[in-house]
Amino acid sequence: MADDVRALSAELAQDPQSLVFLRLGEALRRKGQLDAALRVAVNGLERHPHLADAHDLYARLLADKHEYERAFDEWDMAVRIAPNHIGALKGLAFLYFKVGDVAQAEAHLEAARRYEPDDPTIAQALVMVRGGARPPSPTTAPALEPVATAAAPAAPAPTAGVLDESQVFAGLEGALEGLVLLDAAGMVLGGALRSPAGADVTDAVAAYLAGVSQEAARTVKLLGLGVWVGLSAEGQHGNVHVAQPTKDALLLVVRDRGVPLGRLAILAQRATATARRWLERQR
Amino acid sequence: MTADVFRQALDLITRVRGVRGAMLVSGDDGLVVAEQLMEGIKGTAVAALTASLAGRLRRAMDAAGVGSSVFWHLQAEQGALLVVPGIGEGGLLVVAVAEPDVNIGLVRLELLRAAEAVG
């Protein structure tokens, strides 16, 4: 393995444009040298930003490091570039399963099976998902393919009817410090917010946000702009995004200023979908 | 502050492609200070609601510990409302109403410039 890494490194040094970075990144990953693998993947992505395999490699490394939100972005990008990318479809299925969205996990695995009907790992993963098997944290076996790791029980998988409010945003980055779901009256349904100093500010923020939805709706109606879809705000020390998962609920995402408003909107979109599914299951 | 300064500030914003109008609104009472809006937009009502929304956001953001808002925008299916709040609680709000495909970054820059001009 060390020889592999040396040989691949030499090959890459000789031709930095070469796609050998994919093999080198994977070899380093299998050795558990995640930081080195990440550097290789990022450099590769800079040179080949439209290569689905590069996004897939980067996503697997991020998943290994428990950065699931970013891993999702990368697998999502890989599938946009190459809709039949099996690794990315399996990765997305794994992440959906991890947050308890069995239907989406299954849909992604089914999509993978349509492209690779003879891949036994996909069939196996489908059986596991349908049977409600619990996915482990990918970091427990960094060298394994994400779906393959789903075979080994570890982390609990939420199932309908047993979700509690702390699980609304389970699996999403910032679930307990930068994401909160409110009802129309400003009551907290799930998630939590912490100030940069670490204080729990969930209820205070929720109280001020009550009524935002109606005011936003009235404002855009007066302007003839249809239905409001989001409210982004840039603060001196952080950014926020407010969205409306359903007519009676409000979602708030808060991040530091390092997360630009555009990216925050993407995070909010994902959290909105998660919240919507959670709300549906509560009915 | 002369009417000319207000007009020039609003001109900065309305010249951006996709902007349907701009307003200066008193953050204290939600009254229109100056406006350049397309016909059919009810400036006074929009100003009142914008000021109220700005107040809620400011308090929520203060409570969240992210400081006062320096720019916010409300996105809707068919357009957007973009706002740069003036400094302080009752500062002047610089407001733009835009088409859905407007360059938000560009409007933000002009709103900030306008806010500086009238601030």
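What you see is a predicted model, and the numbers here were worked out from it, not measured in a lab.

Each helix and strand in chain A was counted, giving 12 helices and 5 strands. Here chain A holds 283 residues, and the buried ones make up 45% of them. Of all intrachain contacts in chain A linking residues separated by at least 6 positions in sequence, the fraction that spans at least 24 positions is 45%.

With that settled, consider the packing of helix 4 (residues 52-64) of chain A against helix 5 (residues 68-81) of chain A. Residues and elements named next belong to chain A. As a packed pair, helix 4 and helix 5 sit with axes 8 Å apart at the nearest point and diverge in direction by 165 degrees. In terms of orientation, helix 4 and helix 5 fall into the roughly antiparallel class. Every pair of crossing elements has a handedness; the one defined by helix 4 and helix 5 is left-handed. On the side of helix 4, the interface is formed by A52, H55, D56, Y58, A59, L62 and A63, while helix 5 contributes Y68, R70, A71, E74, W75, M77, A78 and I81. The class makeup of the residues in the contact of helix 4 with helix 5 is 11 nonpolar, 1 polar and 3 charged.

Before going further, it helps to examine unusual backbone geometry. Positioned with a positive phi, H66 of chain A is a non-glycine residue whose angle comes to about 65 degrees. Note that H66 of chain A resides in the loop between helix 4 and helix 5.

On to the confidence of the model for chain B. All names here are of chain B. Put simply, chain B has an average pLDDT of 90, and 96% of its residues get 70 or more. The lowest-confidence element of chain B is helix 2 (residues 43-64), averaging 90 in pLDDT; the highest-confidence one is strand 4 (residues 79-85), averaging 96. For this predicted complex, the interface confidence comes out at an ipTM of 0.92, alongside a pTM of 0.59.

Moving on, we get to the environment of V212 of chain A. Looking at where V212 of chain A falls in the secondary structure, it is placed in helix 11 (residues 212-222). According to the C-beta neighbour criterion, V212 of chain A is buried, with 23 such atoms within 10 Å. Sequence separation between V212 of chain A and A184 of chain A is 28 residues; the distance between their C-alpha atoms is 9.0 Å. Ignoring sequence-local partners within four residues, the contact set of V212 of chain A consists of V242 and L250 of chain A together with L53 and R56 of chain B.

To continue, consider helix 7 (residues 102-115) of chain A. End to end, helix 7 of chain A covers 20 Å across 14 residues, agreeing with the expected 20 Å (1.5 Å per residue, within 8%). On its buried side, helix 7 of chain A packs onto helix 6 (86-98) and helix 8 (120-130) of chain A.

At the junction of the two partners, chain B supplies 32 residues and chain A supplies 34 residues. At the level of elements, helix 2, strand 3 (69-76) and strand 4 of chain B are the ones that each hand at least two residues to the side of chain B that touches chain A. Considering every element that reaches the side of chain B that touches chain A, the biggest residue donor is helix 2 of chain B, with 13 residues. Bridge count for strand 3 (residues 228-235) of chain A against strand 3 of chain B is 7 bridges, and the pairing is antiparallel. In the sheet register, S232 of chain A faces strand 3 of chain B, and the bridge partner there is H73 of chain B.

Our focus in this paragraph is the sheet that holds strand 2 (residues 32-37) of chain B. The antiparallel open sheet is built from 10 strands, whose spatial order is 2(A)-1(A)-5(A)-4(A)-3(A)-3(B)-4(B)-5(B)-1(B)-2(B). Here the strands that pair on one side only, and so sit at the sheet edges, are strand 2 (188-193) of chain A together with strand 2 of chain B. Pairwise comparison of adjacent strand axes, ignoring direction, gives a mean angle of 15 degrees for this sheet. Two strands pair when backbone bridges link them, and strand 4 (residues 238-243) of chain A and strand 5 (residues 249-256) of chain A are joined in this way by 6 bridges, in the antiparallel orientation. Directly across from N239 of chain A, in strand 5 of chain A, lies its bridge partner R255 of chain A. Lying over the sheet, helix 12 (residues 261-282) of chain A contacts strand 1 (178-183), strand 3, strand 4 and strand 5 of chain A, oriented at roughly 145 degrees with respect to strand 5 of chain A. Sheet strands touched by helix 1 (residues 3-14) of chain B: strand 1 (19-26), strand 2 and strand 5 (92-98) of chain B. Its angle to strand 1 of chain B, the strand with the most contacts, is close to 145 degrees.

This part is about the nonpolar core. Core analysis: the biggest nonpolar cluster contains 124 residues, and L251, L252 and V253 of chain A together with V94, A96 and L111 of chain B have the highest contact counts within it. Considering each element in turn, this core owes the most residues, 11 residues, to helix 2 of chain B. Composition of this core by domain shows at least three residues from each of domain 1 (2-149) and domain 2 (165-282) of chain A. Excluding residues within four positions of it along the chain, L111 of chain B makes contact with I13, F71, L82, V84, V94 and A96 of chain B.

This paragraph deals with the packing of helix 4 of chain A against helix 6 of chain A. When two helices pack together, you describe them by how their axes are tilted relative to each other and by the distance separating the axes. Residues and elements named next belong to chain A. Direction vectors running N to C along helix 4 and helix 6 enclose 30 degrees, while the axes themselves pass 9 Å from each other. Overall, the two elements helix 4 and helix 6 adopt an arrangement that is roughly parallel. Crossing of helix 4 against helix 6: the hand is left-handed. In this structure, helix 4 contributes A52, D56, A59, R60 and A63 to the contact, and helix 6 contributes G87, A88 and G91. When the residues that make up the contact of helix 4 with helix 6 are grouped by side-chain class, the tally is 4 nonpolar, 2 polar and 2 charged.

Cut-offs applied
Residues numbered from 1 in each chain as written. Chains lettered and ligands numbered in written order. Predicted model: local features only at pLDDT ≥ 70, side-chain atom pairs only at ≥ 80, totals over all residues. Helix = DSSP H or I, 4+ residues; strand = E, 2+ residues; numbered from the N terminus. Buried ≥ 20, exposed ≤ 12 C-beta atoms within 10 Å, placed from the backbone. Contact = placed C-beta atoms within 7 Å. Axes fitted to C-alpha atoms, helices over the stretch in contact; angles between N-to-C directions. Parallel < 35°, antiparallel > 145°, perpendicular 65-115°, else oblique. Left-handed = near helix turned anticlockwise from the far one by under 90°. Nonpolar A, V, L, I, M, F, W, Y, C, P; charged D, E, K, R; others polar. pLDDT = per-residue confidence, 0-100. Expected span 1.5 Å × (residues − 1). Pairing = 2+ DSSP bridges. Core = buried A, V, L, I, M, F, W, Y, C linked by C-beta atoms within 7 Å. Domains from an automatic or database assignment.

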